[in-house]
Amino acid sequence: MNKKKFVILIALAVVLLLLLVNAGKFLVVEEAVQKADAIIVLSGDRGERVEKAAELYHQGYGKYFVISGGIIYNDVTAAELMKEHALKLGVPESAIILEDRADSTYENADFTRKVIKSYPIDSAIVVSSNYHMKRVKMIFERDFEHSGVKLYYAGAKDRYFNKTKWWSNNKSIMITVNEYIKMAGYALGKNY
């Protein structure tokens, strides 16, 4: 192997290593939180998302508390369970808007956009797990593109995901790999 090819191989190896090391960081979207008309919280976790959304609500970041999550067992929806959690955290029932059909992030965006059309909502903070935010932003930006609703994003910290050392535990590895697979699927036209 000549010297030029060797240098190129080393450079490619370094780039690949940097990409792998930073794979967890890439998934996280960290933006300054802005006041909005609504806070949209997506299902799919153990409660951290509702807790983050309730915290934002109590700090005055939104008037409406929109919950999105479809059936998880028999006829029980994630939205119902999330609503009970939000009520326990002091979010008033009068502020809560339910979207109870979504089974995917794509459906969270699509169904929520349709539900909030009948409310005076021109801006919203979308809350999901921190590792989920890159894909959430991709999907919501595309789905809400012509809606007139300005979107902001806030990630809830997940107890198993470590963005700087995503390889540090099995759950963090699975979360990271799963997100990249779903982003690739979405980019190829699959609605996850």
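Residues numbered from 1 in each chain as written. Predicted model: local features only at pLDDT ≥ 70, side-chain atom pairs only at ≥ 80, totals over all residues. Heavy atoms only, no water.

Enquirer: Whenever I open this one, unusual backbone geometry confuses me. Can you help?
Expert: What is expected of a backbone is that most residues other than glycine have negative phi and most peptide bonds are trans. Here the phi dihedral of Asn-74 falls at roughly 55°; this positive angle occurs in a residue that is not glycine. Mapping Asn-74 onto the fold places it in the loop between strand S3 (71–73) and strand S4 (76–77). (Helix = DSSP H or I, 4+ residues; strand = E, 2+ residues; numbered from the N terminus.)

Enquirer: For this particular structure, what's the right way to read the packing of aromatic side chains?
Expert: Aromatic ring pairs are reported here in terms of the distance separating the ring centres and the angle at which the planes meet. For the structure on display, the rule yields six aromatic pairs. Ring geometry for Trp-166 against Trp-167: centres 5.9 Å apart, planes inclined by 80°, an arrangement best described as edge-to-face. On the accessibility criterion, Trp-166 (12% relative accessible area) is buried. Over the face of the ring belonging to Phe-111 we find Arg-101, whose NZ or CZ atom lies 3.9 Å from the ring centre. (Phe/Tyr/Trp six-rings, centres within 6.5 Å; stacked < 30°, edge-to-face > 60°. Buried < 20%, exposed > 50% of the residue type's maximum accessible area, 1.4 Å probe, protein only. Lys NZ or Arg CZ within 6 Å of the ring centre and 35° of its normal.)

Enquirer: I tried to follow the side chain of Asp-110 on my own but got confused; where do I start?
Expert: If you trace the backbone, Asp-110 turns up in helix H5 (residues 105–116). Engagement of the side chain of Asp-110 in a polar contact is seen with the side chain of Arg-113, the distance being 2.5 Å. (Polar contact = N/O pair within 3.5 Å; in protein donor to acceptor, adjacent residues only side chain to side chain.)

Enquirer: Is there a simple way to think about the packing of helix H6 (residues 133–143) against helix H7 (residues 170–187) in this case?
Expert: Two measures define how a pair of helices packs: the angle their axes make with one another and the distance between the axes. Running from N to C, H6 and H7 point in directions that differ by 20°, and their axes come no closer than 10 Å. The angle between H6 and H7 falls in the class roughly parallel. The two elements H6 and H7 cross, and the hand of that crossing is left-handed. On H7, the residues touching Lys-134, Arg-135, Met-138, Ile-139 and Arg-142 of H6 are Glu-179, Lys-182, Met-183 and Tyr-186. (Axes fitted to C-alpha atoms, helices over the stretch in contact; angles between N-to-C directions. Parallel < 35°, antiparallel > 145°, perpendicular 65-115°, else oblique. Left-handed = near helix turned anticlockwise from the far one by under 90°. Contact = heavy atoms within 4.5 Å.)

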